[in-house]
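# An overview of the molecular structure
Chain residues, written in single-letter form:
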Amino acid sequence: MSVDLTVVVPAYNEERRLAPTLAAIRAYLEDGPEGGDRGTRWELIVVDDGSTDGTLDIAADAEAADGRVQLIHSDRNLGKGHALRLGVLASRGDRVLITDADLATPIEELECLDKALADGHAAAIGSRARPGATIESHQHRLRELLGRTGNFLIRTVAVPGVRDTQCGFKLFDGDRVREAFAASRLRGWGIDVEILQYFRRAGWPVAEVPVRWAHQEGSKVRPVDYVLVLAELTSLKVRTVRPKDLLVAALFLAMAITLYSGRWIAPGDRYLPDSLQDQNQWEWFFAVTADNVRHLQNPLFTTLQNQPDGVNLMANTVMLGLSVPFAPVTWLFGPAVALNAAMTLGLAATGVAWYWLILRRLVRHRGAAAVGAALAAFAPPMISHAHAHPNFMVLFMIPLIIDRALRLCETRGQGRGRGRGEGTSVVRDGIVLGLFTTYQIFLGEEPLLLAALGMLLFAAAYGLVRRDVARDVFRPLARGLGVAVAVTVPLVAFPLHWQFFGPQSYTSVLHGDNAGNSPLALLSFAERSLAGNAETASALSANPTEQNAFYGWPLVALAFAIVVRLWERAVVKALAFTVLAAAFLSLGSKFRIPLTDIVLPGPWAVLAHAPLFESVIESRVAMVCAPALGMLLALALARLLASPRRMAAARYAGVAAVALALLPIVPAPLRAVERAQVPAFIADGAWRKYVGEGESLVPVPLPDPSGAEALHWQTTADLGFSVPGGYFNGPWGPDRVGIYGASPRNTSNLLRDVRASGRAPQITDAWRRAAREDLAYWNAGVLVLVPQEHDAELRVTVEELLDRPGKWVDGVWIWDLHKGS
């Protein structure tokens, strides 16, 4: 006989509450609000989940008393999810109601859920969080707070838009819920979320209905169970990852490890010479952040460099979002290992993030998505910055930010008050976008600015091509961005105020009159590319870490062919515009036409003096081209690989063209050499006898952007001493213009000039007075001169300045500045 409704009650050690619950359910089903007997059109299934009390006997008695009651027994306790799966799969009802044994939601609330199903929904779930819900008896405040927090985390991670996933009162379409439970895997409390996820993926509408609810003493749900639900969902997500996706992630990790293989041989003893002084600087950033975390000191400022003025760390992109999580690695293995691990894993994660975005938004073919993501993450500009600019190559948050912005664009109608089928909320997406943006600010502000510029270029082009879409998404996008700003600003207000107005803040960094790309740089090959030439790349870039274009003419030609072939697609037009506009902007404020003396004004002149943009190295704008080109490549490959068999020749030719275009820019492993040895005077701790508390150790010459080995001394000495000068960004002059290194002083300039020229000048009394003033300003305890080029001239100069000879101690010349020395 047909069954209209099945009620499934999971029970574990419920001898005190089960009998009244079953009696209430049976009474309601037999004498419903219609006033008629429902007869045999209903069934009640009790699933005993291995109870150790009298629950089984109570359920057995109910089964014996009424043939419509069915008992299912499990020999041992396997969890609520397992019990529900047994009960639902044994059901026959057109509708299936799942209710907890405590009946915290009265059975009479079934009417409300019935109405939602009658309106066309596939499921109606009771909710304690929707407006209209009635809480007749509250839990303890702490328990309720923990429950709400856990529920918020669960719905944010797994089922966005559902306010209450764990209320134990849910009504489902019978056939659909049996299909969902047959595919389910979880045994614990996470089963509710797994089933809701299945309904969402299948496109079956779910209604969340406010209900009456009262806390029942003896509840089996503990606050820790919300954590267990998250753990279950995480394990479920891991199990559902396809092997191909894991293979792609492993491939990107292998590529990153190969790139840094020269350093992984011995991270503490190997140096990337093409990083210039950046490796020393970034290892110091990781070390000082870890030290600040360990000692609970201000992570935004330090006086370990530029004694006594200090360094504004927030204004120096120390990547707190990366260096803070890696602090334990820094403590255990040192900053050299921490930096290398962060860059290796960060680059691989960036590739995976681009792969995820391309697969989610553009193509379904995993091979095509992997190739496009590889270009986005391992393009020549990324490899250039991989030398020691983690803020420009650890970009895994950028694809997540782009995806969240696109979700806002999907939320059509929200701005006019209508809901969306998927249940996604503009406010929720805006909040998540704000949190993502906040975290990216602590990874790197300039990459975020460039990403925003690229997104704006793409949006402008796509909006012109698809004006109907632009009109439809404008309001929800604007609203979501407003929410994102409202979330981001309070979180970053203090750090950004410190960055722009705090101690040692500056206005903008001087990069010279024009730091743009030559048009030839866009067509040439980078030094570390397979077809690269160091001499050519050096002539077309500022240094090996700033080869921001160099995509090579074969890839440019291939991209042009792809755009022509796929021109009918709006996304291709928008991507093509993004590539062209970014490349054009990267030419700078002025550029010379190759092979001529004609200099033309560049488009960057419009932005050169705008707030935020004034500190951007304009050649870096060409980095925006990398993901856009990767997406064009993925689109073309996906179309090629999906072509019919009769076009096999064309498919093979297309794939060969892609391979030939990418082969010249395949990156070679970064060069690594033996690192300069730290003097025994520093490494063995002899410096401690000469540097008192609050005093600085003064290297000769002072550390600066051209020679920052003293920062390596500091990290070797566990940051036990401070130094004047250094390699950082700081203010200079009354206008606080940003410069690289400390504000120049007479003595620091003198020693730098001697090192550069190899000539010891005539020292006058004026020089000596200036030296005394500078040493007092630096609160110097000792001067240290290591063997180096022109060290004889430097030693003579210092001896003349101090009017006394140096002392040879543990491999260095020192001048002890304490009285009586």
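Residues numbered from 1 in each chain as written. Predicted model: local features only at pLDDT ≥ 70, side-chain atom pairs only at ≥ 80, totals over all residues. Heavy atoms only, no water.

Another aspect to go through is the overall build of the protein chain. When helices and strands are tallied, the protein chain shows 32 helices and 21 strands. In terms of overall dimensions, the protein chain has a C-alpha envelope of 115 × 70 × 45 Å along the principal axes. Pairs at least 24 residues apart make up 78% of the contacts formed inside the protein chain by residues separated by at least 6 positions. For the protein chain, the computed accessible surface area is about 36,400 Å², with 59% contributed by carbon and sulfur atoms. Treating the 79 positive side-chain charges of the protein chain as one cloud and the 79 negative ones as another, the clouds have centres 6 Å apart. (Helix = DSSP H or I, 4+ residues; strand = E, 2+ residues; numbered from the N terminus. Contact = heavy atoms within 4.5 Å. Areas by Shrake-Rupley, 256 points an atom, 1.4 Å probe, with all protein chains shown as cover. Lys, Arg positive; Asp, Glu negative; His and termini not counted. Charge placed at Lys NZ, Arg CZ, Asp CG, Glu CD.)

Across the sheet, 4 strands lie side by side as 16-19-21-20; this open sheet has mixed pairing. The sheet terminates laterally at strand 16 (696-699) and strand 20 (807-809), the two strands that pair on one side only. Going across the sheet, the axis of each strand differs from the next one's by a mean of 35°, ignoring polarity. Where strand 16 meets strand 19 (residues 780-785), 4 bridges bridge the pair, whose relative direction is parallel. When the sheet's bridge partners are listed, S696 is paired in strand 19 with A780. (Pairing = 2+ DSSP bridges. Axes fitted to C-alpha atoms, helices over the stretch in contact; angles between N-to-C directions.)

Cis geometry is adopted by the peptide bond preceding P308, which originates at Q307 and carries an omega value of 5°. Along the chain, V700 connects to P701 via a cis peptide bond; the corresponding omega equals -5°. Among the structural elements, P701 can be located in the loop between strand 16 and helix 29 (709-716). Located in the positive-phi region is L719, a residue other than glycine, with phi close to 55°. Structurally, the position occupied by L719 is in the loop between helix 29 and strand 17 (729-732). A relative accessible area of 11% places L719 in the buried class. A positive phi angle is found at H790, which is not glycine, with a value near 65°. On the basis of relative accessibility, which here comes to 23%, the residue H790 falls in the partly exposed class. (Buried < 20%, exposed > 50% of the residue type's maximum accessible area, 1.4 Å probe, protein only.)

Bringing the side chain of D274 into the picture now. Position of D274 relative to the elements: it lies in the loop between strand 10 (270-271) and helix 11 (278-294). In this structure D274 comes out as buried when scored by relative accessible area, which is 6%. Looking at D274, its side chain comes within polar contact range of the side chain of R671, at 2.8 Å. (Polar contact = N/O pair within 3.5 Å; in protein donor to acceptor, adjacent residues only side chain to side chain.)

Turning next to the confidence of the model for the protein chain. Across the protein chain, the average pLDDT comes to 90, with 90% of residues at or above 70. Throughout residues 33-38 the model reports pLDDT below 50, and contacts reaching past four residues in sequence, or to other chains, amount to 9 contacts. (pLDDT = per-residue confidence, 0-100.)

This brings us to the pattern of salt bridges. Any two side chains of opposite charge can pair, so long as their charged atoms come close to each other. One pass over the structure, following the stated rule, counts 33 salt bridges. Salt-bridge contacts for E43 lead to R92; the nearest nitrogen and oxygen are separated by 3.3 Å. In this pair, E43 is assigned in strand 2 (residues 42-49) and R92 in the loop between helix 3 (80-89) and strand 4 (95-99), connecting sequence segments 49 residues apart. With a closest N to O distance of 2.8 Å, R671 and D274 form a salt bridge. You can see R671 sitting in the loop between helix 27 (648-662) and strand 15 (673-674) and its partner D274 sitting in the loop between strand 10 and helix 11, a full 397 residues away along the chain. Owing to a relative accessible area of 37%, R671 belongs among the partly exposed residues under this scheme. Here the salt bridges share partners, and the residues they tie into one network are R360, R361, D403, R407 and E410. (Salt bridge = Lys/Arg side-chain N within 4 Å of Asp/Glu carboxyl O.)

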